[in-house]
Amino acid sequence: MIILEDFYYGRLSPNELIKPSDPELQKINQKIINFLEMLKERLSEEDFDQVEKLFDLQSDSSSLHSALSFIQGYKIGALMMIDVFSGDKDSIYDGI
């Protein structure tokens, strides 16, 4: 029951449990790092600061999208459980 306790006290952060080990993701991240280093060399400090702000905004947008996807997936999973355990022939699924 410790997971429920962690959830209650706000200590459960699924995004912090992810340890990306996909080689494709690692390649993409390395390309991003290389590209940013190239831009840092070519752009003025002020222009590069703008690029960093853009990346920060993109990261914020991506994080929000991930959270919404997680919530939607959780809702679909809960509906599946209700559907399975209800034993009804008619689904309660309504396309969310």
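Residues numbered from 1 in each chain as written. Predicted model: local features only at pLDDT ≥ 70, side-chain atom pairs only at ≥ 80, totals over all residues. Heavy atoms only, no water.

Asks: Could you clarify how one ought to interpret the confidence of the model for the chain in this entry?
Replies: Caution applies to low-pLDDT regions: their predicted coordinates should not be interpreted in detail. Looking at the chain, the pLDDT average stands at 87 and 91% of residues meet or exceed 70. Least confident of the elements in the chain is helix α2 (residues 14–17), whose mean pLDDT is 76; most confident is helix α3 (residues 23–42), at 95. (pLDDT = per-residue confidence, 0-100. Helix = DSSP H or I, 4+ residues; strand = E, 2+ residues; numbered from the N terminus.)

Asks: I'm lost on the packing of α3 against helix α4 (residues 45–86) in this one. Help?
Replies: Pairs of packed helices are described in terms of their axes, by the angle between the two and the distance that separates them. Put simply, α3 and α4 touch, their axes get as near as 10 Å, and they point 155 degrees apart. Judged by the inter-axis angle, α3 sits roughly antiparallel to α4. Viewed along their axes, α3 and α4 form a crossing whose handedness is right-handed. Contacts between α3 and α4 involve Ile32, Leu36, Leu39 and Lys40 on the former and, on the latter, Phe48, Val51 and Phe55. Of the residues assigned to the contact of α3 with α4, the class counts are six nonpolar, no polar and one charged. (Axes fitted to C-alpha atoms, helices over the stretch in contact; angles between N-to-C directions. Parallel < 35°, antiparallel > 145°, perpendicular 65-115°, else oblique. Left-handed = near helix turned anticlockwise from the far one by under 90°. Contact = heavy atoms within 4.5 Å. Nonpolar A, V, L, I, M, F, W, Y, C, P; charged D, E, K, R; others polar.)

Asks: When you look at the pattern of salt bridges in this model, what are you seeing that I'm missing?
Replies: Close approach of charged atoms lets side chains of opposite charge pair. Across all of its chains, the model carries two salt bridges by this definition. Of the charged contacts in the structure, one is a salt bridge between Arg11 and Asp6, with a shortest N-O distance of 2.9 Å. With a relative accessible area of 48%, Arg11 lands in the partly exposed category. Three or more residues are tied together by salt bridges with common partners; here these are Glu5, Asp6 and Arg11. (Salt bridge = Lys/Arg side-chain N within 4 Å of Asp/Glu carboxyl O. Buried < 20%, exposed > 50% of the residue type's maximum accessible area, 1.4 Å probe, protein only.)

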